[in-house]
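# Remarks on the overall topology
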Amino acid sequence: MNAINDLSIWQVMLAYVFVLVVLAITSIRGIGREKEILISSVRMTIQLVLTGYVLVYVFANPSPLLTALIIVLMECFAIYTVFNRFKGRLSKKLKITIALSMLVGTLACLLYFLFIVVRIDPWYDPQYFIPIAGMMVGNSMTGIALGVKSLIDGMSIQRNLVEEALILGATPQFAMTSIVNNTFEAAIMPTINSMLGMGIIFLPGMMTGQILSGTSPATAVNYQIAIMLGIMGSVAITVILMLQLGYRSFFNEEDQLV
Amino acid sequence: MFELIDVKYQEVVDIPHLYITKGQTVLLGASGSGKTTVLKLLNKMISPTQGRILFCGNDLKQLPSVDHRRNVMMLSQNPIMFEGNIRDNLTIAFKFQERVIPGDEELYKILGKVQLEKGLDTPVNLLSGGEKQRLALGRIFLLDPSVYLLDEPSSSLDQDTEDKIIKMVSEHIKKANKSAVMITHSKSVAEKYGDEIIEMAQGKILYRRLRDECNK
Ligand SMILES: Nc1ncnc2c1ncn2[C@@H]1O[C@H](COP(=O)(O)OP(=O)(O)OP(=O)(O)O)[C@@H](O)[C@H]1O
Ligand SMILES: [Mg+2]
């Protein structure tokens, strides 16, 4: 095995030069996003450092309860992030739908992936559970956020088409067909595109991380293939669930637009 | 046919009692008096915030909305066209209702009825406002519901075409033993074709009367 080249805290600090350069450029050009750049860089650093500590602890003391707790926190954070992005634009029904689809979609895919594809042992092994859950939940969160945006936008742009379809005797489901299809496409496209570019245009983060920390590229590649398929499944299923339940949130029990 | 009992819709419509009989009813009233709102209530695109509406003795609340809309069909005031050509727009509702799509011959027949001399392959975005209005009317006539709710079907037509169209509508309704509730701003149309004339003002019924036969 290769000796792993540990990155010291000072070396990490050197990477902050990137931030300084970007800050300098944005302030000279008067682009005016310095605050956001600084906050996001610092927040990212703090979040990852804290996560690092938590992971060190969890890996050293593996327990089913701890694994479950982290998964629950992840889900909550992902759902909260989506809610937050659409502040004030989500009906209660749509919120419930988003939460439910995230939970059911990601958990079903995660459990299948860990227990049937990878077959981890012990079943709660945090070293697998947490990073893979992170990727699935994270990507599904992005997918569902894109989906919700496309659904809300589609609804506000095409509302009169939907209404005309209802007037002409369409069921709400039929009236929403084109919006629902567009939404699915918008939500799944980034995942599809990243699969298309995989290995050629970019090396994915997980594989890079594994290779850097000493895993053989062959193993890393196998994992990457499996996880990409898992992510696509999770994004697609989560978004489909959201759409199947979510389109109804624009109608009442009497099939009228609300 | 329709009975409205103590119906209110928000602050917009307030009708203590109204009976709409089978046959041809014309709804008059100033702009903003609540005519469109009443039509939407009748085909369940909206529901009253208070009161009940009966259709042939059945409470609308109990009737499945989608079935009711297929039976009591509304022509919107500003009909929306779907992407595509005239054929697409005539047949799209058959897809919505999962009915067998009629052939071109039948489509041309209906275009003739609504005085639209265009090919079925004409893209709808090339049509004028009045042509779109007639196409939308044709779309509904092709579906042939038992009650027609027509929201100013001739508002963007010239006098001549309006007369022809309204006459066609009226003849069809009579011959096929259907009913229609038609909104119009034209008193002459009302007197000529309304068996029953209702005028609204500020959300209330101003009067309801039968046609004055002497005017005929
Ligand atoms: N959902 C609603 N909530 C509140 N007000 C509404 C609603 N729908 C319509 N209105 C108001 O009710 C009034 C009556 O509207 P309606 O469309 O029924 O008028 P109308 O008689 O058809 O007028 P026009 O001849 O101009 O078409 C209008 O002032 C309109 O702004
Ligand atoms: Mg109106």
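Since the structure is predicted, the reported quantities are computational estimates derived from the model, not experimental observations.

Reading guide: rules and limits
- Numbering of residues begins from 1 in every chain and follows the order in which that chain's sequence is written.
- By the order in which they are written, chains take letters starting at A while ligands take numbers starting at 1.
- Per-residue local features of the predicted model are confined to residues with pLDDT of at least 70, and side-chain atom pairs are confined, for both listing and counting, to 80 or more; whole-chain, interface and lining totals are unaffected and use all residues.
- Here the side-chain values reflect all heavy atoms present in the structure, with hydrogen atoms and water set aside.
- Think of it this way: any DSSP run of H or I at least four residues long counts as a helix, any run of E at least two long counts as a strand, and we number them from the N terminus.
- Residue exposure (1.4 Å probe, protein chains only): buried if accessible area is under 20% of the type maximum, exposed if over 50%, otherwise partly exposed.
- By definition in these notes, contact holds between two residues if any of their heavy atoms fall within 4.5 Å.
- Here, Shrake-Rupley sampling with a 1.4 Å probe gives the accessible areas, and only protein chains in the shown set may cover a residue.
- When charges are tallied, Lys and Arg are placed among the positive residues and Asp and Glu among the negative ones, while His and the ends of the chain are skipped.
- By convention, the point assigned to a charge is CZ for Arg, NZ for Lys, CD for Glu and CG for Asp.
- Throughout, the accessible surface (probe 1.4 Å) given up by two parts as they are put together, summed over both, is called the buried area.
- By definition, a salt bridge exists where a carboxyl oxygen of Asp or Glu is found within 4 Å of a side-chain nitrogen of Lys or Arg.
- Grid points spaced at 1 Å over the protein atoms alone were grouped into cavities, where a 1.4 Å probe fits but cannot get out, and pockets, open sets with protein on both sides within 12 Å along at least five of seven lines, with lining residues defined by an atom within 4 Å of a point.
- Grid points are joined across faces, edges and corners, and a volume is the space filled by probe spheres set on the points.
- Three categories are distinguished: nonpolar for Ala, Val, Leu, Ile, Met, Phe, Trp, Tyr, Cys and Pro, charged for Asp, Glu, Lys and Arg, and polar for the others, with Gly belonging to the last.
- Only a single heavy atom is needed: when it lies within 4 Å of a molecule or strand, its residue is near that molecule or strand.
- Here a polar contact is recorded for every N or O atom pair within 3.5 Å, except that within protein the pair must consist of a potential hydrogen donor and a potential acceptor, and residues adjacent in sequence are included only if both atoms are side-chain atoms.
- Side-chain atoms within 4.5 Å link the members of a nonpolar core, which is a set of buried Ala, Val, Leu, Ile, Met, Phe, Trp, Tyr and Cys residues.
- For Na, K and Ca the donor cut-off is 3.2 Å, while for other metals it is 2.8 Å, and in both cases only N, O and S atoms qualify; water is not among them, so sites may look incomplete.
- When the sulfur atoms of two cysteines come within 2.5 Å, that pair is taken as a disulfide.
- Where each domain begins and ends is defined by an automated method or by a domain database.
- Strand pairing is defined by DSSP finding a minimum of two bridges between the two strands.
- The convention used is that axes are lines fitted to C-alpha atoms, helices contributing only their stretch in contact, and that angles between N-to-C directions extend from 0 to 180 degrees.

## A look at the overall build of chain A
Scanning chain A for helices and strands turns up eleven helices and zero strands. Its C-alpha atoms give chain A principal-axis dimensions of roughly 70 × 55 × 35 Å. Counting only residues that meet the buried cut, chain A has 38% of its 258 residues in that class. By sequence separation, contacts in chain A at least 24 residues apart represent 71% of the contacts at least 6 residues apart. Carbon together with sulfur atoms contributes 69% to the accessible area of chain A, which is approximately 14900 Å² in total. Positive and negative charge centroids in chain A, built from 14 and 13 side chains respectively, lie 7 Å apart.

## Some thoughts on the interface of chain B and chain A
Of the residues lining the interface, 24 residues belong to chain B; the matching set on chain A comes to 16 residues. For the pairing of chain B and chain A, the buried interface totals around 1800 Å² over both sides, and the portion due to carbon and sulfur atoms is 59%. It is M45, I80 and F96 of chain B in chain B that bury the most area against chain A; as a group they hold 33% of the surface buried on that side. On inspection of chain B and its partner chain A, the count reaches four salt bridges.

## Here's the deal with empty space enclosed by the protein
Residues and elements named next belong to chain B. All told, the structure shown has two cavities of 30 Å³ or more when counted by the stated rule. Estimates place the volume of the largest cavity at around 60 Å³. What lines the largest cavity is simply Q24, T25, V26, I166, V169, S170, A180, M182 and Y193. If you list the elements that add at least two residues to the lining of the largest cavity, you get β3 (24-29), α6 (159-175) and β8 (179-183). Residue composition of the lining of the largest cavity, by class: six nonpolar, three polar and no charged. Considered as a void within the structure, the second largest cavity measures approximately 40 Å³ in volume. As for the second largest cavity, its lining consists of L18, I20, T25, L27, V38, L39, L42, V181 and I198. Broken down by secondary-structure element, the contributors of at least two residues to the lining of the second largest cavity are β2 (13-20), β3 and α1 (35-42). The greatest single-element share of the lining of the second largest cavity, amounting to three residues, is contributed by α1. Of the residues assigned to the lining of the second largest cavity, the class counts are eight nonpolar, one polar and no charged.

## Concerning the site of ligand 1
All names here are of chain B. Residues in contact with ligand 1 amount to 14 residues; listed here are only the nearest, S31, K35, T36, T37 and Q77. In this structure, an oxygen atom belonging to ligand 1 sits 2.6 Å away from a side-chain N or O atom of T36. Contact with the protein chains removes 58% of the 640 Å² of surface that ligand 1 exposes when unbound. Top element by residues in the shell around ligand 1 is α1. It accounts for three residues.

## A few points about the nonpolar core
With 120 residues, the main nonpolar core has M176 of chain A together with F2 and L42 of chain B as its most contacted residues. Discounting chain neighbours no more than four positions away, the residues touching L42 of chain B are F2, L4, I20, I53, L60, H68, V72, L149 and V181 of chain B.

## Brief notes about the environment of L38 of chain A
Residues and elements named next belong to chain A. Within the secondary structure, L38 is located in helix α3 (residues 34-60). Classification of L38 as partly exposed rests on a relative accessible area of 41%. Taking the C-alpha atoms as reference, L38 lies 41 Å from F115; in sequence the two are 77 residues apart. Dropping the residues within four chain positions of it, L38 is found in contact with V19 and L23.

## Concerning the coordination of the magnesium ion (ligand 2)
All of the protein donors around the magnesium ion (ligand 2) are T36 of chain B (OG1) and Q77 of chain B (OE1); their distances to the metal are 1.9 to 2.3 Å. Residue T36 of chain B is located in helix α1, and its partner Q77 of chain B is located in the loop between β6 (72-75) and α3 (86-96); the two are separated by 41 residues in the primary sequence.

## A closer look at the state of the cysteines
Applying the stated rule across the entire model yields zero disulfides over all chains. C76 of chain A provides the cysteine sulfur closest to C109 of chain A, a residue in no disulfide bond, and the two sulfurs are 19 Å apart.

## A word on the layout of surface pockets
Residue and element names in this part refer to chain A. If you add up the space inside the largest pocket, you get close to 770 Å³. Every residue lining the largest pocket is counted, 19 residues in all, and those nearest its centre are Q47, T51, L73, M74 and F77. Among the secondary structure elements, those contributing two or more residues to the lining of the largest pocket are α3, α4 (64-85) and α6 (126-157). At seven residues, α3 tops the list of elements feeding residues into the lining of the largest pocket. Classifying every residue of the lining of the largest pocket by side-chain character gives 14 nonpolar, four polar and one charged. Residues from two domains meet in the lining of the largest pocket; each of domain 1 (1-61) and domain 2 (64-250) gives at least three. Lining the second largest pocket are 16 residues, with Q127, P131, G209, Q210 and S213 positioned closest to its centre.

## Here's the deal with the pattern of salt bridges
Residue and element names in this part refer to chain A. All told, the structure shown has 17 salt bridges over all chains when counted by the stated rule. The residue D255 makes a salt bridge to R248 at a minimum N-O spacing of 3.2 Å. Beyond isolated ion pairs, a larger network of salt bridges with shared partners links R89, K149 and D153.

## Comments concerning the sheet that holds β2 of chain B
Strand pairing in a sheet is mediated by backbone hydrogen bonds. Such pairs are either parallel or antiparallel. Residues and elements named next belong to chain B. Strand order in the open sheet made by the four strands is β2-β1-β4-β5, with antiparallel pairing throughout. Sheet topology places β2 and β5 (58-59) at the edges, where each strand pairs with a single neighbour. Note that strand β1 (residues 2-9) and strand β4 (residues 50-55) share five bridges and pair antiparallel. By the bridge assignment, K8 is partnered in β4 with Q50. Its contacts with the sheet place α1 against β1, β2 and β4, and it is angled at close to 120° to β1.

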